Amino acid sequence: MIKIAFVGNPNVGKTALINKISNASLKMGNWPGVTIEKKEVFFKFENEEVNLVDLPGIYSLTANTPEELVSRDFILENDVDVIINVVESTALAKNLYLTALLKEIGKPMVMALNYHDEFKKLNYQLDKEVFEKQIGMETVFTSGKTGEGVNEIISKAVKLAKLHKDQAHIPYTLAFDNAIEEDITSVKKTLTNNKEYNKLTEKYPIDWIAIKALEEDTNFLATVKVNYGIDLRNTAEKEIKNLKDRYDMDPADVIARARYGAIRGIVSANLKKSDINKFAMTDKIDKILLNKFFGILSFLLIVYVMFVLIFDGSAPFIDWVDGFFSNYIIKYVGKLIEGTPGWLNSFILDGILASVGAVLTFVPLMFFIYFFMSILEESGYMARVAFLMNKAMNKVGLSGKAFIPMLIGFGCTVPAIYSTRTLEDEKTRRLTGFITTFMSCGARLPVYSLLAAAFFSKNAALVIVSMYVIGVLFALIMAYILKRFDYFKGDNTELLIELPPYRMPSFKVVWNNMFSKTMMYVKRATTIILGILIVIWFFGYFPSEGNIQESYLAKAAKVVQPVFKPTGFADRWEPVASLVPSVIAKETVVAFFGQVLLQQQEEEAVEGEEEEAEEYNFLADTFGQVKDLGVAAIDSVKALVNAVTFHVGAFEPADEETLQEDAGGDIIPAVRSLWSDDLGPVRAYSFMLFVLLVVPCAVALGALKQEFGWKMMLMETAILLVLPYVVSTLFFNIAKLIM
């Protein structure tokens, strides 16, 4: 199998190219030990099995960022047969520095001169033949938008891999000036003449070793020391002194300047630019979108439209998925397993199928989230958002890029956690992922609506808004506190970000990104998260075979009930017990209250009338599900109207009828009876604060574990068990004193 590494700067169109190559067969995962996305494609080309690995977008190989370290280690430590270096053909001078670094590694290379469609529009001209000789590799003009050059670049890469199959390293050909070359040659002689270095020179190209020794690359020197027991610090001592004395600067800076000098010479000799300014349209748009006043207004408008399309647009499909499992899959599977023991029946229907349904309910939301996030990213606007918000976010120790995940958190915590991947710094990712759980997600809204309707009918909307505001305040406070700890303290003093030109997103690229990322979520969600949900089912079913009031869950709630007394809402065991199923999803609190509080009412109703037999008509029900899917699609399209009416359904309080449907009865009076004394509203608000701040749902916990590991998940879980208890206790007791 031929292994090809796909390498380039950010925003050079690698994603569009690899989507053209993969034809939507992209496999996604994580690089070992980090949360950086790994994309690879397996395909057959000219009777050869090919594995193409898309490395993260990087500017250098200095290993200063996780992306650079992943890319460098993969190329050096894996059997990469050939490198496809993707560059933006309209910005060669900026892109070729990475090319120079890649050539030092000594791997066969071919260059994809991408965005050829834009290159031609700008009337640029490149002396390709001379350019290839000077840069030391073949080049192909490509376009991810049109598919131009895709087959040719793969063909050249495969041929190059075959040609150099038995050649360990290719000699470095991009020459420095004579003085630097003399010092590099001197170090190479030392490495060649000393047998101690034989194993090292067999593994790595001698040019690479010599340059890294001169640059005093701490990461490479440490790797060599650990893996080979060789200390390279003194190998180039004389040559390092020569460079410092000659240029009066660090050798790493000397060599970097030499690279840039060689690149400028090659570009200026071979590239002829026209008078057309490729940033002309971008500059005009940025005068509005980056304006101090209109930029913020434009951003708020764009965010509003995105929220409408994502959350209102996905809501009908979410309801359909929920109904598809509860009214169709579970119904007919239940019919098939009639006569099985009660525990097995419940395990299959409530433990497995209901849990799978709960997980897959998020899929439509993921589709919409990733679709619009891809549009923002591919268009070039995402970088502008980070630029606009950076100054404000820096005050709490966050990058401007962290604002987008926080915003998404108002809709759903799960995609908010996954979207922290857009942040380069690992510690900033952790901090952002941590505070996204404080945003009031859509699943908490039914709980707020229920309690607000029961205890604050006249001021229900104000009470609900206060939950959102308090969540944001706690997120900022926690960020301000946690940024002082090394585990969360990212480097946010400056924002170095490239603002690419605005481009029309390719639908195929956006679709493939959305599809592959959503499928990756499904894969994750159906493993660890499903396991958590089944465990919760077990404790809610046994030992009373489905009677929630006598289950292990209820018994445990009654045991710990006295501990929660100071919070004010634990006069009864039901609110305490409802917190456990809320780990499945926060809105299950409403269903739990309905199941427990209305049980007696339902029993009385059953005594007076016969239970209606459920009707089974497979063809009719199947047709009904297809019809409902069509209705969901139409309702989703209608959500576009909301952008005109400035109406976001995702943030509307649920009405009384909806709440009663969710709970299965007249839930509001039943909940009001939970706390019937004069402190009822205070107790209800205390419970709302607890729901706001307590650990997120199982799906979000699974996302935290997948993105940041067990340590981060357990740390956040511990904090979000203590914090809501403290806040609710303080609120209740202070309010009680005031009243």
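Being a predicted model, the structure only gives us computed values, none of them experimental.

*Asks:* Just to check I follow, could you spell out the nonpolar core for this structure?
*Replies:* Nonpolar side chains in soluble globular proteins generally cluster together in the buried interior. Core analysis: the largest hydrophobic core is formed by 111 residues, its most contacted members being Phe299, Leu398, Ile435, Phe438 and Phe687. Ranked by residue count, the leading element in this core is helix H22 (residues 460-482), at 11 residues. When sequence neighbours within four positions are dropped, the list of residues in contact with Phe438 reads Gly471, Phe474, Ala475, Met478, Leu692, Leu693, Leu720 and Leu723. In this structure, Ala5, Val7, Val53 and Ala256 belong to the second largest nonpolar core, which totals 61 residues.

*Asks:* How do you make sense of the confidence of the model for the protein chain when you look at a structure like this?
*Replies:* Residues shown with low pLDDT carry predicted positions that ought not to be read at fine detail. On average, the protein chain scores 82 in pLDDT, and the residues at 70 or more come to 86%. Across residues 30-35, confidence stays below pLDDT 50; counting only partners more than four residues off in sequence or on other chains, it has 23 contacts. The low-confidence segment residues 599-607 (pLDDT under 50) makes five contacts with residues lying over four places distant or belonging to another chain.

*Asks:* Would you take a moment to explain a nonpolar patch on the surface for this structure?
*Replies:* Nonpolar side chains collect at one region of the surface, where Val465, Val469, Leu473, Ile477, Tyr480, Ile481 and Phe485 lie side by side and expose about 650 Å² of accessible area between them. On the secondary structure map, Tyr480 appears in helix H22.

*Asks:* Explanation requested: the pairing of strand S6 (residues 109-114) in the structure shown.
*Replies:* A regular strand places its side chains so that they alternate between the two faces of the sheet. Burial within S6 is extensive, with six of its six residues counted as buried. Side chains of S6 alternate between two faces, with Met109, Met111 and Leu113 and Val110, Ala112 and Asn114 buried alike. Relative to S6, strand S5 (residues 82-88) runs parallel, the two sharing six bridges. Looking at S6, one finds that Ile84 is bridged to Val110. You can see the chain leave S5, run along helix H3 (residues 92-104) and come back into S6, and the turn it takes is right-handed.

*Asks:* Looking at this model, I keep getting lost on the pairing of S5. Mind explaining?
*Replies:* When you tally the buried positions in S5, you get seven out of seven residues, the bulk of the element. Alignment of strand S1 (residues 2-8) against S5, held across five bridges, turns out to be parallel. Its bridge partner lying in S5, Ala5 is registered against Ile83.

*Asks:* Even after reading the chapter, I still don't get empty space enclosed by the protein, so can you show me in this structure?
*Replies:* Where empty space is left becomes clear once a probe the size of a water molecule has been rolled over the atoms. According to the stated counting rule, one finds one cavity of 30 Å³ or more in the structure shown. Counted as a void, the largest cavity has a volume near 30 Å³. Taken together, Phe299, Ile302, Val303, Met306, Leu376, Tyr381, Val385 and Ile404 form the lining of the largest cavity. Mapped onto the lining of the largest cavity, the elements with two or more residues apiece are helix H14 (294-336) and helix H17 (381-394). Take the lining of the largest cavity: its biggest share by element is four residues, from H14. Residue composition of the lining of the largest cavity, grouped by class: eight nonpolar, no polar and no charged.

Conventions we followed
- Residues numbered from 1 in each chain as written.
- Predicted model: local features only at pLDDT ≥ 70, side-chain atom pairs only at ≥ 80, totals over all residues.
- Heavy atoms only, no water.
- Core = buried A, V, L, I, M, F, W, Y, C linked by side-chain atoms within 4.5 Å.
- Buried < 20%, exposed > 50% of the residue type's maximum accessible area, 1.4 Å probe, protein only.
- Helix = DSSP H or I, 4+ residues; strand = E, 2+ residues; numbered from the N terminus.
- Contact = heavy atoms within 4.5 Å.
- pLDDT = per-residue confidence, 0-100.
- Patch = residues over 30% accessible without salt bridge, like charges linked within 9 Å, V, L, I, M, F, W, Y side chains within 5 Å.
- Areas by Shrake-Rupley, 256 points an atom, 1.4 Å probe, with all protein chains shown as cover.
- Salt bridge = Lys/Arg side-chain N within 4 Å of Asp/Glu carboxyl O.
- Pairing = 2+ DSSP bridges.
- Right-handed = clockwise from strand over helix to strand, strands pointing away.
- 1 Å grid on protein atoms, 1.4 Å probe; cavity = no way out; pocket = protein on both sides within 12 Å on 5 of 7 lines; lining within 4 Å.
- Points joined across faces, edges and corners; volume = space filled by probe spheres on them.
- Nonpolar A, V, L, I, M, F, W, Y, C, P; charged D, E, K, R; others polar.

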